[in-house]
Amino acid sequence: MRFENLWPGVLTQNNLENWQIGGFGLYVHWPFCEAKCPYCDFNSHVVSHVDQGRWARALADEIRRAGAETSDRVLGSIFFGGGTPSLMTPETVSTVIEAARDCWTFANDIEITLEANPRSVEVQRFEGYARAGVNRVSLGVQALHASDLKRLGRLHDVDEAKTALAVARSVFERVSFDLIYARQNQTLDDWRSELGEALDMAVDHLSLYQLTVEEGTAFWDRARAGGLRGLPGEDLAADMYEVTQDLCSTAGYTAYEVSNHARPGAQSRHNLIYWRYGDWLGIGPGAHGRLGTATQRVATVAWRQPGLWLQHAEAGSGLESRAFLDVSDQAGEYLMMGLRLDEGLDIERLHRLDSTVAGPEAVAELVDLDLVLWDGPVLRTTAKGRLVLNSVVAALLP
Amino acid sequence: MSTPLSRIRNFSIVAHIDHGKSTLADRLIQLTGTVAERDMKAQMLDAMDIERERGITIKANTVRIDYPAQDGHTYILNLIDTPGHVDFAYEVSRSMRAVEGSLLVVDATQGVEAQTLANVYTAIDADHEIVTVLNKIDLPAAEPERIAEQIEDVIGIDASNACLISAKTGVGIPDVLEAIVKRLPPPHSGDPDAPLKAMLVDSWYDPYLGVVVLVRIMDGTLKKGDNIRMMRTGGKYGVDKLGVFRPAMQDVKELGPGEIGFFTGSIKQVRDTKVGDTITHEKRPCETPLPGFKPSIPVVFCGLFPVDAAEFEDLRDSIEKLALNDASFSFEMETSAALGFGFRCGFLGLLHLEVIRDRIEREYNIELITTAPSVIYHIFMKDGSVLELHNPADMPDMSKVDHLEEPRIKATILVPDDYLGDVLKLCQDRRGIQLDLTYVGNRAMVVYDLPLNEVVFDFHDRLKSVTKGYASFDYQMDSYREDNLVKMQILVNDEPVDALSTMVHRDRADMRGRAMCAKLKDLIPRQMFKIPIQAAIGGKVIARETLSALRKDVTAKCYGGDATRKKKLLEKQKAGKKKMRQFGKVEIPQEAFISALKMDE
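Note that the coordinates shown come from a computational prediction; the quantities given were computed from them, not determined experimentally. Sequence positions are assigned chain by chain, starting from 1 and proceeding in written order. Following the order in which they are written, the chains are lettered starting with A and the ligands numbered starting with 1. pLDDT decides what is reported in this predicted model: residues at 70 or higher carry local features, side-chain atom pairs at 80 or more are listed and counted, and totals for whole chains, interfaces and linings draw on all residues regardless. The side-chain values count all of the structure's non-hydrogen atoms but skip hydrogen atoms and water molecules.

Points about the overall build of chain A
Put simply, DSSP marks the helices as runs of H or I at least four residues long and the strands as runs of E at least two long, and each gets a number from the N terminus on. A count of helical and extended segments in chain A gives 17 helices and 17 strands. Looking at the 398 residues of chain A, the share that counts as buried comes to 58%. Note on contacts: a residue pair is in contact if any heavy atoms of the two residues lie within 4.5 Å. A fraction of 72% describes how many contacts in chain A between residues 6 or more apart in sequence connect residues 24 or more apart. Surface summary for chain A: the accessible area is close to 15,700 Å², and the carbon and sulfur share equals 50%. Three labels apply to residues, based on accessible area from a 1.4 Å probe with only protein chains included: buried if under 20% of the type maximum, exposed if over 50%, partly exposed otherwise in between. A 1.4 Å probe and the Shrake-Rupley method give the accessible areas. Residues count as covered only by the protein chains that appear here.

A few points about the overall build of chain B
If you tally the helices and strands in chain B, you get 13 helices and 34 strands. Going through the 601 residues of chain B one by one, you find that 58% of them count as buried. Look at the contacts in chain B between residues 6 or more apart in sequence, and 69% of them connect residues 24 or more apart. Here chain B has roughly 24,900 Å² of accessible surface; of this, 49% comes from carbon and sulfur atoms.

With respect to the interface of chain A and chain B
Taken together, the contact pairs 43 residues of chain A with 26 residues of chain B. Buried area: the accessible area, evaluated with a 1.4 Å probe, that two parts lose upon being put together, summed over both parts. On the chain A side of the interface with chain B, the three residues burying the most area are Glu234, Met336 and Asn390 of chain A, jointly 18% of the side's total. By salt bridge we mean one thing: a side-chain nitrogen of Lys or Arg within 4 Å of a carboxyl oxygen of Asp or Glu. Run the count over chain A and chain B and you get 5 salt bridges. Throughout this description, a polar contact denotes any pair of N or O atoms lying within 3.5 Å of each other; where both atoms belong to protein, one of them has to be capable of donating a hydrogen while the other can accept it, and for residues adjacent in sequence the pair is counted only when both atoms sit in side chains. Taken together, the connections running from chain A to chain B amount to 18 residue pairs in polar contact (both at pLDDT 80 or more). Of all the secondary-structure elements, those providing two or more residues to the side of chain A that touches chain B are strand S8 (205-210), helix H10 (234-250), helix H11 (269-275), strand S12 (288-292), helix H13 (327-338), helix H15 (360-368), helix H16 (383-387) and helix H17 (389-396) of chain A. Its residues assigned to classes, the side of chain A that touches chain B shows 22 nonpolar, 9 polar and 12 charged. When residues are grouped by polarity, Ala, Val, Leu, Ile, Met, Phe, Trp, Tyr, Cys and Pro land in nonpolar, Asp, Glu, Lys and Arg in charged, and all others, Gly among them, in polar.

Quick look at the sheet that holds strand S10 (residues 227-230) of chain B
All names here are of chain B. A pair of strands is labelled paired if DSSP reports no fewer than 2 bridges between them. Taken together, 8 strands build an open sheet; the order of strands is S11-S10-S16-S7-S8-S15-S12-S13 and the sheet is antiparallel. In this open sheet, the two strands that pair with only one neighbour each are strand S11 (236-238) and strand S13 (249-251). Across the sheet, the axes of successive neighbouring strands diverge by a mean angle of 40°, strand direction being ignored. Axes here refer to lines fitted to C-alpha atoms; in helices the fit is confined to the stretch in contact. Angles between the N-to-C directions go from 0 to 180 degrees.

As for the confidence of the model for chain B
Residues and elements named next belong to chain B. As a per-residue measure, pLDDT tells how confident the predictor is, with possible values from 0 to 100. Overall, the prediction assigns chain B a mean pLDDT of 85, with 91% of residues at 70 or greater. Ranking the helices and strands of chain B by mean pLDDT puts strand S16 (residues 278-281) first, with 96, and helix H2 (residues 49-54) last, with 49. The model gives residues 54-58 a pLDDT under 50, and that stretch makes 24 contacts with residues more than four places away or in other chains. Across the whole predicted complex the pTM is 0.67, and at the interface the ipTM reaches 0.89.

Some remarks on unusual backbone geometry
Residue and element names in this part refer to chain A. Gly83 follows Gly82 through a cis peptide bond whose omega is 20°. Relative to the elements of secondary structure, Gly83 occurs in the loop between strand S4 (74-82) and helix H3 (90-103). Despite not being glycine, Gln142 has its phi angle at roughly 70°, a positive value. Secondary-structure assignment places Gln142 in strand S6 (residues 136-142). Even without being a glycine, Ala182 presents a positive backbone phi close to 60°. If you trace the backbone, Ala182 turns up in the loop between strand S7 (174-181) and helix H8 (188-201). With relative accessibility at 3%, the residue Ala182 sits in the buried group.

Some remarks on the sheet that holds strand S17 (residues 378-381) of chain A
Residues and elements named next belong to chain A. Read across the sheet, 3 strands follow the order S15-S17-S16 without closing on themselves; strand pairing throughout is antiparallel. Across the chains shown, the open sheet's two edge strands, defined by having one partner strand only, are strand S15 (345-346) and strand S16 (372-375). Pairing between S16 and S17: 4 bridges, direction antiparallel. Pairing of Val372 across the sheet is with Thr381, part of S17. Sheet contacts for H15: S16 and S17; angle to S16, the most-contacted strand, approximately 120°.

Considerations on the packing of aromatic side chains
All names here are of chain B. Aromatic pairing here means that ring centres of Phe, Tyr or Trp (its six-membered ring) are within 6.5 Å. Orientation follows from the plane angle: under 30 degrees is stacked, over 60 is edge-to-face, and everything else is tilted. Going through the model one piece at a time under the given rule, you end up with 20 aromatic pairs over all chains. Relative to Phe343, the ring of Phe331 has its centre 6.0 Å away and its plane inclined at 75°; by these criteria the two rings are edge-to-face. Residue Phe331 is located in strand S18 (residues 330-336), and its partner Phe343 is located in strand S19 (residues 340-347); the two are separated by 12 residues in the primary sequence. Using a relative accessible area of 2% as the deciding quantity, one classes Phe343 as buried.

Description of the packing of helix H9 (residues 420-429) of chain B against helix H10 (residues 452-466) of chain B
To describe two helices that pack against each other, one gives the angle between their axes and the distance between the axes. Residue and element names in this part refer to chain B. Two elements in contact, H9 and H10, have axes whose closest approach is 9 Å; the angle formed by their N-to-C orientations is 160°. Considering their axes alone, H9 and H10 lie roughly antiparallel with respect to each other. Considering how the two elements wind past one another, H9 and H10 form a crossing that is right-handed. Contacts between H9 and H10 involve Asp422, Val423, Leu426 and Cys427 from the former and Phe459, Arg462, Leu463 and Val466 from the latter. Roughly parallel here means an angle under 35 degrees, roughly antiparallel means over 145, roughly perpendicular means 65 to 115, and every remaining angle is called oblique. Note on convention: the crossing is left-handed when the near helix lies turned anticlockwise from the far helix by less than a right angle, right-handed when the turn is clockwise.

Describing the confidence of the model for chain A
Residue and element names in this part refer to chain A. Across chain A, pLDDT averages 91, with 94% of residues at or above 70. At the low end of the mean pLDDT range in chain A sits helix H1 (residues 16-22), at 53; at the high end sits strand S10 (residues 260-262), at 98. Overall, residues 1-19 carries pLDDT values under 50, and its contacts beyond four positions in sequence, including any with other chains, amount to 52 contacts.

Remarks on the environment of Thr89 of chain A
Residues and elements named next belong to chain A. For Thr89, the location among the structural elements is in the loop between S4 and H3. With 39 residues separating them in the primary sequence, Thr89 and Gly128 have C-alpha atoms 8.3 Å apart. Once residues lying within four places of it in the same chain are set aside, the contact partners of Thr89 are Gln52 and Tyr129. At a separation of 2.8 Å, a polar atom in the side chain of Thr89 contacts the side chain of Thr92.

Concerning the pattern of salt bridges
Oppositely charged side chains can form a pair if their charged atoms are brought close together. All names here are of chain B. This model, assessed by the stated rule, comprises 46 salt bridges over all chains. The salt bridge partner of Arg443 is Glu113, with a shortest N-O separation of 3.5 Å. Of this pair, Arg443 sits in strand S26 (residues 443-451) while Glu113 is found in the loop between strand S4 (101-107) and helix H4 (114-125), placing the two residues 330 residues apart along the sequence. What makes Glu113 buried here is its relative accessible area of 7%. Where Glu178 meets Lys182, a salt bridge forms, and the shortest distance between an N and an O atom there is 3.2 Å. Taken together, the positions of Glu178 and Lys182, both in helix H6 (residues 173-183) and 4 residues apart, correspond to about one turn of that helix. Here Glu178 falls in the buried class, since its relative accessible area comes to 7%. Take Lys182: its relative accessible area is 60%, and that puts it in the exposed class. Three or more residues joined by partner-sharing salt bridges are found here, namely Glu406, Arg408, Arg431, Asp449, Glu454, Arg481, Asp483 and Arg508.

Structural data, given as structure tokens:
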């Protein structure tokens, strides 16, 4: 009874189409933080105490339930996101990874990433994570200026971040870190020198995000109340983006996605699953999953509130909903995700899902405007097109 | 049996907005016990919400009051509450012809306003006796003596024995009732046995009774069951219901000379009844109809389009329903490349336009796009034919046009001295010709000859803004005159946008073109390509702006959990597009059509 069919309609014998193209990965959400950052709209919560053992068991059970229906797949990646997954004990991380190992064959080159805060407390756990199987960390450095780190609500300072990076580099095979730019009162020159410094410190991967004021964050409220002045306008933001592309590519980092840059072969394999619209399981509060065949695809959403999720997970399933996505939704998602990538998407696969998306006329118009390239089965954005991707996607939706 | 003429007084009230006309009417009704105290509500006579809200009267209303006067006789007082706005000038003039006297109500703190002037002259034209009433004397700012003097100066009537009242507190109301009986004349003549001759004062649609017709009997007697004929339209009807307003309907057996009342007679549409028509008996008609009849003609036109194209049929329904009750408003279907399906509507004036538009939006809950108001141009073609142009989009090829004539108005503006300079400049800028400039105390009265197309645009708003609301404005249609008028087109991304075409004077075209292009540049959101915005006359571009291409519009973070959320955002964006109009490759937000036409100058 516990292993009821969570994925009705999914033909696990016949999933070649999707997972061969997009791969198969596992996302694990750890929803807790020590403090809520004012720009963050992710599912994160500040609590005084977390029962690690109980959470580890619940996550492992959820994994086993999903695994029972997909046991013939080869797992290419695990990603611990949050929240702040570096607040998990190495034991918890190990329990989760072992549960996954019980369910699926791991790919030889399986990528196991954990997001970490670059603070000394957490750095102490790096060795333990590595022993548990983590082979890649992604550090939330966010800025290399003390005042900006404070403004962004971060609890670490610049030196701590540098130390964390040095430790990570010695412990893990692969290391990435995040920066947030287009911050308040940041000039083009400020960013140029900060990014230069970052590239000197970088290992093999960088995620560089423009600050976005999202609804439901403290920044949003502040902006609406007339605060948060000095954010760049459209033109400066575009210039900053272009400078980012130039500096990174000169330093040997390819912009393989809108905000992600990697040395050859160092792309985040897990995140590529999303953008290539492969299959992934979403485990933990608020996590989303996608799993399916060429014609049927299940979208799962787990209960968002941590306490509620734990209750449901312990009672048999942490999923709040699972539903079939109709083909036009699938095509829309594939379009939106695929065009973020440098490599573009497979327009034939897109049209097999829904031939009304990205029709020849709409594509031709965007080709004329030098916003997309259409090369055999590949549809991809130009550098200019990627900078206005939302408009490009909107123009390609029927 | 008819009431003797000597016991009847028929009158109207002339007043500016807010000077207290409706409150005074309420007091008269209340004091004479016509309506029980508990049934009183403020502004008994203004039945429509919009009338109450705007403090104006759109349709004529009437009430019959029994008043036991100090001389021991009981009089019948018929009050016709006339529309107070120039758009309804013809309706006002007919209402005035149906009564013999007027109360001129002036706010003792404010004095005479332009609108008062126009209506009081209509009353004087109708040979009315006029009783001056100074209202709001309870306010500390009241200056009854100065205002009385001003009335004598400006209007030229004796205001020495004005009634001093406060309609709000009720002070002076009995004096007004006595003045009506003593100083206003009874109906001049009328023979109850002569062939029926009655004036159609107004009509409206009642969902239960059909069309209700308000009549004033001149000669003869109208009885229930009579067969009557409308002499101008030729319509024949049987009288089903006959009565008077108190102000609720009360049936009567007959109406005799001098009396005012209503009848119904299975008349289906208000369109079948024309204000000013003469009603007579079918079997025994009077010889000549009453003079002064003219059908009302719309002078201002604009397109009304639903914001949501799916609401077109609802819009049609609402327009048809409103037209049932308003014969002066015309409509025909219109198709615009930019705005889709809608209606080209004709109105008596700008207020009439606003009232109809408000009622559609409010009573029928349809969001509207209103295109630039336009007037009727007379186009004299080279082949000798003459066309009437209601819509700039229909402008024929200029090479076939000999010349154009446009309607002009005579505008009267009363303005405090301090703002006179601004008003004169505004009128000059709008191609006005000054006809008169006189002073009344510290206020100037200027009379200008202005092109109507410069006034329908945003003249009233501008006047209010340059005078901080202190000016009052009124106008009468004057004549058609030739001028150098051209059709200015707006091209967005090289495609003409029909809904933004306007007729302008050649000398003002460059300025208007530049202003319009600059405004549109701000109103149209950046798109994926650069967009030229041009104003052109014929094939010649007279103004140009370039909207540069969108540079950055991309979501920074988009991972597995974002797929659903970001997709929703895109869907929201697409829903937002519904509010945009696709024009060629360019999407133009709705508000651009409205805002582009409002010039700040």
